[in-house]
Amino acid sequence: MKKEDPFVYAHEREQKIVWMSQNTNQIETSPEIIKAMKEALEEGKYNLYPHRDGILGLKQALLDDLGLKDGFDALITNGAIEGTYTLTRAMLEEGDNVIASDPSFMPIHHQIELSGAEPREIDVYKDPYKLRVEEIEEAVDKNTKMILLIDPLNPLGSSYSKKEVKQISQIAEDNDLLLIHDITYRDFAYEHTLASEFVPERTIFVYSFSKNVGFAGMRLGALVMPKEYSDILHRYRTNVLSANVIAQVGAKKALETKDGWLPDMLKRSRKNQAIIKEAVDKIPDISLPVYPSNTNMFVIDVEKTGLDPQEIQEKLLYEHDVFVRGGNYLSKTAGDKFIRISFTVSEEGTRKFAERLPMVLDDLR
Ligand SMILES: Cc1ncc(COP(=O)(O)O)c(C=O)c1O
């Protein structure tokens with residue numbers, strides 16, 4: 001059935017596609033944020049390089065957003081993914097290993113490998129669908145350098161309780177490890193605890209503007225680190241000339257006005273996930289391992305149907321213009337068991353998916 005590269009196919013039809021394959025956020029951006037960016041464009045702000053540390057005030061707005069006072073610095077990057085590249089390059093070497101999960105956001109694991117280190121992937125495709133303290137303890141050895149704690153977790157939507165973050169922080173402390181707290185989806189969580197509460201001197205945050213405020217195409221993120229790691233991370237930065245200035249203007253405004261736009265965005269995202277849950281509950285042999293999700297996505301387990309997630313992805317895309325993701329992008333071991341759905345799309349798009357999914361599964365069965 002496969003016709004062509006699914007991303008080329010989908011980009012050619014961008015306006016028609018219900019884009020649930022990547023965790024982008026297409027819920028309307030607040031007019032205030034758009035206004036700030038338009039003004040910056042009209043003023044020609046893009047003619048100048050931004051300040052090397054980011055536009056004035058952005059770094060502080062970010063630290064304030066996380067409630068971090070003294071002792072922390074931030075490096076503004078072209079998306080969180082550039083931050084993790086810088087981080088892995090600066091902090092890892094041949095022979096090191098990093099405790100991580102599978103499923104996970106695998107591009108960071110590839111970066112770990114590029115640095116000559118090994119991502120030590122603990123299987124989390126089983127209850128409670130996240131890293132367990134005992135399993136982390138077992139996996140740590142003398143070559144372990146970091147724990148990669150993606151919280152909430154892409155793709156499952158699970159997140160860690162305060163007690164769990166505390167216990168994982170203790171493992172970092174006991175074994176002299178860095179705790180990489182990837183908080184890309186923090187704003188979607190019902191509750192969230194920052195590891196800096198327990199081990200501020202060992203915590204490096206990975207931050208993204210792609211999901212909360214929907215800036216995936218603007219490419220803006222950050223590393224937030226204890227000041228003692230600031231020099232080394234700045235030395236390895238790939239963008240000494242900073243990142244997209246219009247994105248930074250929008251991001252600053254988004255942080256300053258978060259109380260105004262975040263609740264509505266979350267309401268819509270959560271309504272969409274409830275619509276999908278209702279549809280999934282009516283279909284035999286499929287289920288949601290994690291519900292409600294603490295992110296803007298979750299996975300639908302399709303193992304019991306015996307169907308190939310890739311085939312489900314292709315049929316939904318090429319026959320219904322609904323773009324979801326087969327699990328193999330997100331897991332080396334469980335990728336044939338699930339599809340991942342992002343629901344920060346329009347309600348209309350969500351309803352289309354909920355209507356077409358049973359049709360596609362029936363057809364394939
Ligand atoms: C856990 C996690 N970290 C980092 C990223 C990269 O985000 P950005 O778009 O800011 O590069 C993603 C993107 O999906 C992600 O899921």
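The rules behind each value
Residues numbered from 1 in each chain as written. Predicted model: local features only at pLDDT ≥ 70, side-chain atom pairs only at ≥ 80, totals over all residues. Domains from an automatic or database assignment. Contact = placed C-beta atoms within 7 Å. Pairing = 2+ DSSP bridges. Helix = DSSP H or I, 4+ residues; strand = E, 2+ residues; numbered from the N terminus. Near = placed C-beta within 6 Å. Axes fitted to C-alpha atoms, helices over the stretch in contact; angles between N-to-C directions. Left-handed = near helix turned anticlockwise from the far one by under 90°. Nonpolar A, V, L, I, M, F, W, Y, C, P; charged D, E, K, R; others polar.

Draft legend 1. Highlighting the domain arrangement of the protein. For the protein, the domain assignment lists domain 1 (6–29 + 259–364) and domain 2 (31–256). Summarising the inter-unit geometry, the C-alpha centres of domain 1 and domain 2 are found 25 Å apart. The interface is formed by 26 residues belonging to domain 1 together with 27 residues belonging to domain 2.

Draft legend 2. Expanded view of the sheet that holds strand β9 (residues 297–301). Taken in spatial order, the 3 strands make up an open sheet running β9-β12-β11, and their pairing is antiparallel. Pairing within the sheet leaves two strands with one partner each, and these edge strands are β9 and β11 (325–326). Here β9 runs beside strand β12 (residues 338–342); their pairing, made up of 5 bridges, is antiparallel. When the sheet's bridge partners are listed, D301 is paired in β12 with F338.

Draft legend 3. How the structure looks around the site of the ligand. Taken together, 14 residues form the shell around the ligand, and within it G79, A80, I81, S208 and S210 come nearest. Where the shell around the ligand is concerned, the elements lending two or more residues are α4 (80–91) and β7 (203–208).

Draft legend 4. Broad picture of unusual backbone geometry. Cis geometry is adopted by the peptide bond preceding P152, which originates at D151 and carries an omega value of -5 degrees. If you trace the backbone, P152 turns up in the loop between β5 (144–150) and α7 (162–174). Going from Y291 to P292, the amide bond is cis rather than trans, its omega being -5 degrees. Examined against the element boundaries, P292 turns out to sit in the loop between α10 (258–281) and β9. Positive phi outside glycine occurs at D176, with the angle close to 55 degrees. Assignment of secondary structure puts D176 in the loop between α7 and β6 (178–182). The backbone phi angle of S242 is positive, close to 75 degrees, even though this residue is not glycine.

Draft legend 5. The packing of helix α11 (residues 309–320) against helix α12 (residues 347–364), seen in detail. Where α11 meets α12, the closest approach of the two axes is 10 Å, and the angle between their N-to-C directions is 120 degrees. Note on packing geometry: the crossing formed by α11 with α12 is right-handed. Every residue of α12 that contacts α11 at E311, I312, K315, L316 and H320 is listed here: R356, V360, D363 and L364. Among the residues making up the contact of α11 with α12, the classes are represented as 4 nonpolar, 1 polar and 4 charged.

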